[in-house]
Amino acid sequence: MSTEITTPQPTGLSKFMDRRSFLRTSAVSGAGVYLATSKGAIAQGEKAGRTIKCALVGCGAQGDRLRAAASQINSGIQWVAVADIREDKRRVMARYMELQNKHQVTGQVTQFETIEEMLDKQTDIEAVFIATPDFLHAPFSRLALSKGKSVYCEKMMSNTIEGARDMVKAGREFNGIFQIGHQRHSNPRYIHLRDKIIKKGLLGQVTHCYGQWNRGVSASKPIAPKNVKIDPALLTASGYSSIEEFFNWRWFAKYGGGPISDLGAHQIDMFNWMYETTPVSLFATGGVDYYDGAPGPDGSPKAKYELPDNVMCLYEYKLPQGTMRAYYQVLTTTGSQGYYEKHMGVAGSAIISESPTYNQVYAEPGNDWSEFAAGDNPILVKNPDSVKNKFWEHPRTWAKPPPKSFNVSGVAKAVADARESKALDPWEIPVILEVYPHAPHVQNFVEAVQQKSHAHLTCNVVDAFKSCVTVLKAYDCLKTGQKYTFTPADFEVA
Ligand SMILES: NC(=O)c1ccc[n+]([C@@H]2O[C@H](COP(=O)([O-])OP(=O)(O)OC[C@H]3O[C@@H](n4cnc5c(N)ncnc54)[C@H](O)[C@@H]3O)[C@@H](O)[C@H]2O)c1
């Protein structure tokens, strides 16, 4: 296992997609250039390898996403068992596997209540996917590794730095293939942005990054445990204080890390991954400002959560080219502009998200990128000038009659006349992922298990640990109100 942040190896799938994943068919639609990926890429791109007998622990929302992503991989996986303390969840998951992943199932998928029982009784399991609440990741992955299994464990690695540290130690002790579920590491669009655009210097010196995950109240409401029966003794034995906390585990420190960990885990990780380093300092602020149990707009009490419902972080990185500052926010009271990351350099900027709507790269005035659009494998593609995706792509002409909101006088009018940047020149990343975003990451894991190669993993446990520390240290700032200065020891595991 590597001890440094490594340059992830593209999986067979992403290599294939880099080469062949797009068609330039600018005549096809009004959106200009369209980029299509063949779903058959999965089949053609993978190596013929032995089949790995896999089990899933945690049959909730993410467990199901992993199952669905795995269903797009034609060979290499055989589902043999599932475990969940909820009978309804494990039953439905086993059935889904038998029906929707039938090319990956022989006979029936065996169902277990606990991981302990599953690993004791079903001894042919070779790899375990863990998609339980975060506080179980460390003990469950240690248990599976100790029994000689390979492990794909969901992010966030753990709700505590100590838990994540123990996972690094368990990885070392038992030497199993151990992937953490930061799936952007295997996403060909992200790999393209990093390796072909940022590393090649198209953006010039990147001085700032920005990331956000904004989610409105409708998506942040507590989950009510309707008609779900779990034996209270089993719930207690599994570490839960109440059924309400079991359902809303993300918002309580005992089980999860709150929105900054749940959502920030993906995107703050991208600051580290894009620039292959870790930050030198962090300042963060946030709190439980809305979900405090007080009466809401309709008079009824709002949810009462323990972990901050909004956090804003400012990271400072020292890159070879100079200082880079990265701002991240997670908000749970507005869905404004969704989730994406932005990388801003003196020659250009890029905006990307797992959601393909954000896929633009902008040249600053004076940078001609036409040479990068040439040939069969262009680094960038151009939208026709008539296509404008975002408001900042529209040229500003002061000759045009101003909108009514500009009908002001005095100081405000003078401000409207101030110098503004020219409109940026919009380009697009020529890669589209038409499979589920987790599919390349699951495939990368399966290939690593087949090859018994730690180096093949795009997100090993050591790299993920550094991300976990980068994110969870925000809580130190929240406690002290002070800037946190990272030391090398923060990112090391003795
Ligand atoms: N990579 C991603 O994009 C992504 C997205 C969402 C969630 N996640 C991660 O996936 C994990 C699960 O999240 P989720 O949204 O599916 O949560 P969830 O609450 O929907 O599902 C959790 C499941 O685990 C089961 N479970 C709880 N305790 C258990 C135990 N002791 N033994 C066996 N099963 C147990 C629950 O019954 C439930 O079915 C979390 O770590 C989360 O951070 C990752």
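Residues numbered from 1 in each chain as written. Predicted model: local features only at pLDDT ≥ 70, side-chain atom pairs only at ≥ 80, totals over all residues.

*Asks:* Describe the confidence of the model for the protein, naming the residues involved and giving the relevant values.
*Replies:* When pLDDT is averaged along the protein, the result is 87, and 83% of the positions lie at 70 or above. This model gives residues 1-47 a pLDDT under 50, and the stretch forms 101 contacts once residues within four places in sequence are excluded. (pLDDT = per-residue confidence, 0-100. Contact = placed C-beta atoms within 7 Å.)

*Asks:* Account for the site of the ligand, naming residues and giving values.
*Replies:* Around the ligand, 26 residues are found, and the nearest of them are Gly58, Gly60, Ala61, Gln62 and Glu154. A class-by-class count of the residues in the shell around the ligand yields 10 nonpolar, 9 polar and 7 charged. (Near = placed C-beta within 6 Å. Nonpolar A, V, L, I, M, F, W, Y, C, P; charged D, E, K, R; others polar.)

*Asks:* Requested: an account of the nonpolar core, with residues and values cited.
*Replies:* Judged by nonpolar contacts, the single largest core of 121 residues is most densely connected at Ala55 and Ala474. The element best represented in this core is helix α16 (residues 461-472), accounting for 8 residues. Residue contributions to this core reach at least three from each of two domains, namely domain 1 (46-186 + 437-459) and domain 2 (188-396 + 421-432 + 467-491). Beyond its immediate chain neighbours, meaning those up to four positions away, alanine 55 contacts Val80, Ala81, Val82, Met118, Gln122, Ile125 and Val128. (Core = buried A, V, L, I, M, F, W, Y, C linked by C-beta atoms within 7 Å. Buried ≥ 20, exposed ≤ 12 C-beta atoms within 10 Å, placed from the backbone. Helix = DSSP H or I, 4+ residues; strand = E, 2+ residues; numbered from the N terminus. Domains from an automatic or database assignment.)

*Asks:* An account of the sheet that holds strand β2 (residues 77-83) is requested, with residue identities and associated values reported.
*Replies:* If you walk across this open sheet you meet the 6 strands as β3-β2-β1-β4-β5-β6, and the pairing is parallel. Strand pairing shows two members of the sheet lacking a second neighbour, β3 (110-112) and β6 (178-180), which therefore form its edges. The average angle at which neighbouring strand axes cross in this sheet is 20°, direction not considered. As paired elements, strand β1 (residues 52-57) and strand β4 (residues 127-130) share 4 bridges and run parallel to each other. Paired with cysteine 54 across the two strands is alanine 127, which belongs to β4. Lying on the sheet, helix α6 (residues 137-146) is in contact with β1, β4, β5 (150-153) and β6; it crosses β5 at an angle near 160°. (Pairing = 2+ DSSP bridges. Axes fitted to C-alpha atoms, helices over the stretch in contact; angles between N-to-C directions.)

*Asks:* Quick one: what's the story with the environment of proline 301, residue by residue and with numbers?
*Replies:* Checked against the element boundaries, proline 301 lands in the loop between β8 (281-287) and β9 (310-319). Taking the C-alpha atoms as reference, proline 301 lies 9.1 Å from tyrosine 291; in sequence the two are 10 residues apart. In contact with proline 301, not counting residues within four places along its chain, are Gly293, Ala294, Pro295 and Gly296.

*Asks:* Hey, could you go over the environment of lysine 196 for me, with residue numbers and the actual values?
*Replies:* The topology assignment puts lysine 196 in helix α8 (residues 188-198). Taking the C-beta count within 10 Å as the criterion, lysine 196 has 19 such neighbours and is therefore assigned partly exposed.

*Asks:* Before we move on, can you summarise helix α13 (residues 264-275) with the specific residues and values?
*Replies:* Over its 12 residues, α13 runs 17 Å from end to end, which matches the ideal 16 Å to within 8%, given 1.5 Å per residue. For α13, the buried fraction is high: 12 of the 12 residues fall into the buried class. Within the span of α13, buried status applies to Gly264, Ala265, His266, Gln267, Ile268, Asp269, Met270, Phe271, Asn272, Trp273, Met274 and Tyr275. Just downstream of α13, glutamate 276 is the residue with a positive phi angle, here 50°. (Expected span 1.5 Å × (residues − 1).)

*Asks:* Would you mind going over the pairing of strand β11 (residues 339-345) in detail, with residue names and values included?
*Replies:* Most of β11 sits inside the fold, with 5 of its 7 residues counted as buried. Of the pairings in the sheet, the one linking strand β7 (residues 206-214) to β11 comprises 7 bridges and is antiparallel in character. The residue of β11 that forms the bridge with glycine 211 is glutamate 341. Note that β11 and strand β12 (residues 348-352) share 4 bridges and pair antiparallel. Bridged to methionine 344 within β12 is serine 349. Adjacent in sequence and paired antiparallel, β11 and β12 are bridged by 2 residues.

*Asks:* Could you give an account of the sheet that holds β12, naming the residues involved and the relevant values?
*Replies:* The strands that make up a sheet are held in pairs by hydrogen bonds between backbone atoms, and each pair lies either parallel or antiparallel. Taking strand neighbours across the sheet as the criterion, the 10 strands line up as β14-β15-β13-β12-β11-β7-β10-β9-β8-β16 in an open arrangement whose pairing is mixed. Only two strands of the sheet have a single partner each, and these edge strands are β14 (381-382) and β16 (484-485). Pairing of β8 with β16 involves 2 bridges; the strand directions are antiparallel. Within the sheet, the bridge partner assigned to leucine 282 lies in β16 and is tyrosine 484. Against the sheet, α8 makes contact with β7, β11, β12 and β13 (359-363), and its axis sits at roughly 170° relative to β12, the strand it touches most.

*Asks:* Go over the environment of isoleucine 180 with me, naming the residues and quoting the values.
*Replies:* Residue placement: isoleucine 180 occurs in strand β6. Leave out the neighbours within four places in its chain, and isoleucine 180 touches Cys153, Lys155, Met157, Cys459, Val461 and Ala464.

*Asks:* An account of unusual backbone geometry is needed here, citing residue identities and associated values.
*Replies:* Positive phi, close to 50°, is recorded for glutamate 276, a residue that is not glycine. Inspection of the secondary structure puts glutamate 276 in the loop between α13 and β8. Even without being a glycine, glutamine 337 presents a positive backbone phi close to 60°. Tracing the backbone through its elements, the reader meets glutamine 337 in the loop between β10 (322-331) and β11. Residue glutamine 337 is classed as exposed on the basis of its 11 C-beta neighbours within 10 Å.

*Asks:* Kindly report on the packing of helix α7 (residues 161-174) against α16, identifying the contributing residues and their values.
*Replies:* At a minimum axis distance of 10 Å, the contact between α7 and α16 shows a crossing angle of 170°. One element, α7, and the other, α16, form an angle in the roughly antiparallel class. Across the interface between the two elements, Ile161, Ala164, Arg165, Met167, Val168 and Gly171 of α7 pack against Val461, Val462, Phe465, Cys468, Val469 and Leu472 of α16. A class-by-class count of the residues in the contact of α7 with α16 yields 10 nonpolar, 1 polar and 1 charged. (Parallel < 35°, antiparallel > 145°, perpendicular 65-115°, else oblique.)

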